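Spelled out, the chains give:
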Amino acid sequence: MTFASGTPVSNSMTEMYTIMRYIEPQVLADAGIHTFDNWASTFAKIEQCNELKPECDGKFQIKTRVSNYACFDQLRTMFAEVADIKTADMLHLERLDYKLETIKAPASRAVRREMQKISRRADRIRQGSVYPSEDNMLKLTTDGKKVGLDIRMINPYAKDEPNSKINLCINKVMEIYKETTSQNGVQMIFCDMGTPKKEPPNSYAIYKADETGEYEFAYRNAMAKGDNFESIRKKFSNGRSMPNDYDRESFGKIKPGDLIVIRTLDDNGNVINTAKMVIDDEKLIDADRNTLDNAGIRTFISAEELSKRFCVYDDIKAKLMAQGVPEKEIAFIHDYEKAADKQLLYNQMNEGKVRVMIGSTQKCGAGMNAQKKMVALHHLDVPARPSDVEQRNGRILRRGNENKHVRIFRYVTDRTFDAYSFQILENKQKFISQAMTGQIKVKRVEDVQNAELSYAEAKALCAGNPSTTRGAYEQRAILRCLQNHSRKKQGDRGTFSLALNFVYYSFIILLGSEK
């Protein structure tokens, strides 16, 4: 039996443990590792570090989290017994020359005001002065991401700011559209929020739970005749009966803790959501209020609220058409459900007939081959996983693209959750880059790889106080330097190296504080 994946570790180190548990359980047992807690206590290192507050007010907080791998040489040796890892750099694969640009949208008065509200909400949540059912960090984070994308995601009647992230993206798309008209250049816009809501009246959804109890939306489909909670559970418990468009590689079979949500419309057009949770014996129980809040599921949504929802995709399409792009040259991936229809769309993109494609990571992040004439890719929002960024970029940075030079754009809104989202990607990318490099000559791996630096730069770019951002990370570098040297014998050579590093990093901080 062979397991094959382009992203074996896509989100956290938990996935490495899962692979080892599947393929080499005896090796783990021989090492005395029988649970994930055993594995984490053996190989994970916990440390305190400065991180941007979720409120994105430019201030930092001390967080205790898993920061790197300890005993990494042993871990890598065990993992290498069953894993043959080959990265693009190892294989010296030829890749397109691309330019990565980060475009920052200024925070409007409405955005700043909304982020101040979110900051105050965070204070109340931390102080325990509000019930989790009324407000919690998950709701707060979701609202912060909406504000970062467009204020109209929070208030549909808000002013359409000319320098918003969406409008800056449209301006850039139009600029490249005109420049590449002679070659029918194609552009791809990724946006995971504000997608077209063409849901059937009755549908079901699957929400997957991770080890920390966080929920992630995994799948939605129309209810078929005879569908109910139990039949849906059975469908996703067997790999053979899962829908073809379900991402089984990322989400796998349904398991204890996962949620099944059935959506129906009443006679007045209101949405009624009913949810059940899978428990240990594969039975189903009603999901409680706290679980629904944690997953971001509302049991009732009025028809009036549905009619007022702001759709990012429709807004982009309308503005592109107003500037002269024919409607037939703009496509939403959400309008193409069947595999045959999607392939027809990809063919039209490769022929240059569809020149602007708008889609989400889930629907376009993998298995899409429409790169032949693609000249630019736009990240309008920030996905949750580093592997999602790689999958997105893989739509343009792949063989078969006839362009020698392409461009990738990231759009961030100043003083919003964009900085916090990039920070999460940085933390996760640490583990992935450490696991994939194949370096087993060291016991501890903690250096941030090149891919992470671009995340860190973007994060600092949209933080409220860039000089504070620089100072916090440079101070942490000094502390890390001191800690590393304190573990070694302090001979003359070590003392000189320690002093040299201390002076060097102190000099950087002084320069940064004066800028």
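Predicted model, so just to flag it, every value in this text is computed and none were measured. (Residues numbered from 1 in each chain as written. Predicted model: local features only at pLDDT ≥ 70, side-chain atom pairs only at ≥ 80, totals over all residues. Heavy atoms only, no water.)

Caption draft 1: Fine view of the sheet that holds strand 13 (residues 374–379). Across the sheet, which stays open at both edges, the six strands sit in the order 3-14-13-4-12-11 with parallel pairing between neighbours. The outermost strands of the open sheet, each flanked by one partner alone, are strand 3 (97–105) and strand 11 (330–332). Along the sheet, successive strands turn relative to each other by an average axial angle of 15°, direction set aside. Strand contacts of helix 13 (residues 312–322): strand 4 (186–190), strand 11 and strand 12 (356–359), with the helix running at about 175° to strand 11, the strand carrying the most contacts. (Pairing = 2+ DSSP bridges. Helix = DSSP H or I, 4+ residues; strand = E, 2+ residues; numbered from the N terminus. Axes fitted to C-alpha atoms, helices over the stretch in contact; angles between N-to-C directions. Contact = heavy atoms within 4.5 Å.)

Caption draft 2: Representation of a negative patch on the surface in the model. A cluster of acidic side chains, namely Asp210, Glu211, Glu214 and Glu216, defines a negative patch on the protein surface. Looking at the element boundaries, Glu214 is found in the loop between strand 5 (203–209) and strand 6 (215–222). Using a relative accessible area of 38% as the deciding quantity, one classes Glu214 as partly exposed. (Patch = residues over 30% accessible without salt bridge, like charges linked within 9 Å, V, L, I, M, F, W, Y side chains within 5 Å. Areas by Shrake-Rupley, 256 points an atom, 1.4 Å probe, with all protein chains shown as cover. Salt bridge = Lys/Arg side-chain N within 4 Å of Asp/Glu carboxyl O. Lys, Arg positive; Asp, Glu negative; His and termini not counted. Charge placed at Lys NZ, Arg CZ, Asp CG, Glu CD. Buried < 20%, exposed > 50% of the residue type's maximum accessible area, 1.4 Å probe, protein only.)

Caption draft 3: Inspection of the nonpolar core at higher detail. The biggest cluster of nonpolar side chains holds 31 residues, and the ones touching the most others in it are Ile189, Val312, Ile316, Leu320, Ile358 and Leu380. Per-element accounting of this core gives the leading share, eight residues, to helix 8 (residues 165–179). If near-sequence neighbours (up to four positions away) are discounted, Val312 is found in contact with Leu149, Met153, Ile166, Cys191, Met193, Gly194 and Leu380. Among the nonpolar cores identified, the runner-up in size contains 20 residues, and Ala331, Leu345, Tyr346 and Val354 belong to it. (Core = buried A, V, L, I, M, F, W, Y, C linked by side-chain atoms within 4.5 Å.)

Caption draft 4: Fine view of the packing of helix 8 against helix 13. Following both chains from N to C, one finds helix 8 and helix 13 inclined at 40°, their axes separated by 11 Å at the closest point. The orientation of helix 8 with respect to helix 13, classified from their angle, is oblique. Between helix 8 and helix 13 lies a crossing of right-handed hand. Judged by residue contacts, Ile166, Asn167, Ile170, Val173 and Met174 of helix 8 engage Val312, Asp315, Ile316, Lys319 and Leu320 from helix 13. A class-by-class count of the residues in the contact of helix 8 with helix 13 yields seven nonpolar, one polar and two charged. (Parallel < 35°, antiparallel > 145°, perpendicular 65-115°, else oblique. Left-handed = near helix turned anticlockwise from the far one by under 90°. Nonpolar A, V, L, I, M, F, W, Y, C, P; charged D, E, K, R; others polar.)

Caption draft 5: Summary view of the environment of Leu292. By secondary structure assignment, the location of Leu292 is in helix 11 (residues 289–295). Overall, the relative accessible area of 8% leaves Leu292 in the buried class. Distance in space between the C-alpha atoms of Leu292 and Tyr215 is 9.6 Å, their sequence separation being 77 residues. When sequence neighbours within four positions are dropped, the list of residues in contact with Leu292 reads Ala275, Ala287, Ile297 and Thr299.

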